[in-house]
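Structure assessment
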Amino acid sequence: MNDWIELSASPLSTAAAVEFATDPAAGGIDLFLGTTRQEKNGEGKSLLALDYEAYPEMAVSQMRELAARARTQWAILKIVLLHRTGRVGLGEPSVIIAVSTAHRAASFEACRWIIDTLKTEVAVWKKEVWADGTTSWVAGHTIEIPS
Amino acid sequence: MNDWIELSASPLSTAAAVEFATDPAAGGIDLFLGTTRQEKNGEGKSLLALDYEAYPEMAVSQMRELAARARTQWAILKIVLLHRTGRVGLGEPSVIIAVSTAHRAASFEACRWIIDTLKTEVAVWKKEVWADGTTSWVAGHTIEIPS
Amino acid sequence: MQVTIKLFAILREKAGVSTVSLDLPDGSTVTAALEKILVFHPVLNQSLAKSACALNQAYCPRSAVLKDRDELALIPPVSGG
Amino acid sequence: MQVTIKLFAILREKAGVSTVSLDLPDGSTVTAALEKILVFHPVLNQSLAKSACALNQAYCPRSAVLKDRDELALIPPVSGG
């Protein structure tokens, strides 16, 4: 199988993602990590972590479909698409995407398309956890469905 | 120091590159690996490996300058730019670039700019090593200098 | 017929439940299911307006007709990545 | 004056040397140095035409004037990455 798609409650491994994406026919591998960025809220409280929640069956099926849609647009050797659930601390990755291709341009384009599309479509939500113990759901992208 | 720039005769570590690029202020890290792609030459011989040679003092100073030029174009937290010398087997990385930024678009753009520019400017050369023992220098990019 | 409603994120927190079983007349639409949910959980009114629906793990319009044992998920604006 | 010439990749292989020390008259240009190299290594003629020059690790035009102890590198088309 040439795609590794997973929703995981445990820390994501960059090394494992690169190992999976490595391919003797590849000239380039692009890897993207989305990491929790330190922030302050309107009241000056610091962000401690992000809590991720998913609709697991749907999110995994959407992630598989994203990989399949990427393959219709670019000549891809391997795709890794891993997303965390649960608490993700500052600097830790909540998502890892790796795409290997024969020529580098496609690896950059496909990797960026996957993260951009994932953010607007996949059934995953994050809640900010602040230093004072309060939490707030991130505003997010409304799904538009033709009725 | 926020840049790790190195020319290395030993295998490059993706994990070390990501660890260096990780930053609590980062929302995204883009990482690119250029890897030796299997090929056949005109006579049907298979590629065994690529042999990399550098003008070390100049290549390192050019790689440092690439990082500095990237920083004038994007708001970058950390840059890793590692290049191999010596023999690099199929699937192994000859170059690893990692760029961490607050917002993901800049990490993709800067990473891609660095690899594209490196390939046309930096004093490094590769020679194909074929299964029959023959070798051939890759054609490469002629440096254009206004006289 | 019986339909399972799944609530996530802000909807789950506001309603205080993650799954609701609804008894609906045969041929009910998603809209009818949402109206019934709001009877039990009026606090969801504002958030539901911005939410999408997924029927058996695929996004669907609110005009979609439900079948017995369907799983209808209420999907607030997504924020993965 | 004394100038060190560095050869890389295909130039190094063709010439069979990686470093050449040249004695040149004061005020010589890069072009003059290349002409002298070709006297010793005529095999480089074709490859040199496509190569750039770097003076003390920075690309330079062939009109650049050399100084004593300069390091002049002959840079065939690059192929890193």
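Let us look at the structure shown here.

Conventions and cut-offs
Residues numbered from 1 in each chain as written. Chains lettered and ligands numbered in written order. Predicted model: local features only at pLDDT ≥ 70, side-chain atom pairs only at ≥ 80, totals over all residues. Heavy atoms only, no water. Buried < 20%, exposed > 50% of the residue type's maximum accessible area, 1.4 Å probe, protein only. Helix = DSSP H or I, 4+ residues; strand = E, 2+ residues; numbered from the N terminus. Pairing = 2+ DSSP bridges. Contact = heavy atoms within 4.5 Å. Salt bridge = Lys/Arg side-chain N within 4 Å of Asp/Glu carboxyl O. Least-squares fit on C-alpha atoms with pLDDT ≥ 70 in both. Axes fitted to C-alpha atoms, helices over the stretch in contact; angles between N-to-C directions. Parallel < 35°, antiparallel > 145°, perpendicular 65-115°, else oblique. Left-handed = near helix turned anticlockwise from the far one by under 90°. Nonpolar A, V, L, I, M, F, W, Y, C, P; charged D, E, K, R; others polar. Core = buried A, V, L, I, M, F, W, Y, C linked by side-chain atoms within 4.5 Å. Buried area = accessible area lost by both parts, 1.4 Å probe. Polar contact = N/O pair within 3.5 Å; in protein donor to acceptor, adjacent residues only side chain to side chain.

1. Examining the pairing of strand β5 (residues 71-75) of chain C
Residues and elements named next belong to chain C. With 5 of 5 residues buried, β5 lies mostly within the body of the structure. Side chains E71, A73 and I75 project from β5 onto one buried face, and the interleaved L72 and L74 project onto a second face that is buried too. Here 4 bridges tie strand β1 (residues 2-7) to β5, and the two strands are oriented parallel to one another. By the bridge assignment for β5, K6 is matched with A73. With 4 bridges joining them, strand β3 (residues 52-55) and β5 adopt antiparallel strand pairing. Of the residues in β5, the one forming a bridge with A52 is I75.

2. Quick look at the arrangement of the chains
Most contacts, when the 3 pairs of chains in contact are compared, are made between chains A and B. Contact between chain B and chain C is absent, and the least distance between their C-alpha atoms amounts to 10 Å. Chain C shows no contact with chain D. Their nearest C-alpha atoms sit 30 Å apart.

3. Regarding the pattern of salt bridges
Under the defined criterion, the tally for this structure stands at 26 salt bridges over all chains. Across the salt bridge formed by R112 of chain A and E109 of chain B, the nearest N and O atoms sit 3.6 Å from each other. Highlighted residues: R112 of chain A in helix α3 (residues 104-121) and E109 of chain B in helix α3 (residues 104-121), drawn from two different chains. For R112 of chain A, a relative accessible area of 27% gives the class partly exposed.

4. Section: the relation of the copies chain A and chain B
Least-squares fitting of chain A to chain B yields an RMSD of 0.0 Å, with the superposition described by an axial translation of 0.0 Å and a rotation of 180 degrees. These values place the two chain copies in the arrangement generated by a two-fold rotation axis. Taking C-alpha positions as reference, the residue of chain A nearest the rotation axis is L31 of chain A, located at 2.5 Å. The overlap is high: 100% of the interface residues of chain A also sit at the interface in chain B, so the same surface is used on both sides.

5. A word on the packing of helix α2 (residues 56-73) of chain B against α3 of chain B
Residue and element names in this part refer to chain B. The contact between α2 and α3 brings their axes to 10 Å, and the two run at 140 degrees. One way to sum up the angle between α2 and α3 is to call them oblique. Here α2 and α3 pass one another in a crossing that is right-handed. Across the interface between the two elements, Q62, M63, L66, R69, A70 and Q73 from α2 touch W113, I114, T117, L118 and E121 from α3. In terms of residue class, the contact of α2 with α3 is made up of 6 nonpolar, 3 polar and 2 charged.

6. Some points on the nonpolar core
In summary, soluble globular proteins display a tendency toward joint burial of nonpolar side chains. Formed by 32 residues in total, the largest nonpolar core has its most connected members in L81, I97, I114 and L118 of chain B. Breaking this core down by element, the ones donating at least two residues are β1 (3-8), β3 (47-54), α2, β4 (76-84), β6 (93-101), α3 and β7 (124-130) of chain B. No other element matches the 7 residues that α3 of chain B contributes to this core. Beyond its immediate stretch of four places on either side in the chain, L118 of chain B contacts M63, L66, L81, H83 and V95 of chain B together with G80 and G81 of chain D. A70, V88, C111 and V124 of chain A belong to the second-largest nonpolar core, a separate cluster that totals 30 residues.

7. Notes on the side chain of T14 of chain B
Within the secondary structure, T14 of chain B sits in helix α1 (residues 14-21). Excluding residues within four positions of it along the chain, T14 of chain B makes contact with T14 and V18 of chain A together with L31, L33 and I96 of chain B.

8. Some words on the interface of chain A and chain B
Listed as interface residues are 33 residues of chain A and, on the opposing side, 33 residues of chain B. Regarding the contact of chain A and chain B, the summed buried area is about 2700 Å², with carbon and sulfur atoms giving 57% of it. For the chain A face of the interface with chain B, the top three residues by lost area are R37, R104 and F108 of chain A, together amounting to 23%. As a salt-bridge pair, R104 of chain A and D116 of chain B come within 2.8 Å of each other at their nearest N and O atoms. For the pair chain A and chain B, the number of links is 13 residue pairs in polar contact (both at pLDDT 80 or more). Elements that contribute at least two residues to the side of chain A that touches chain B include exactly α1 (14-21), β2 (28-35) and α3 of chain A.

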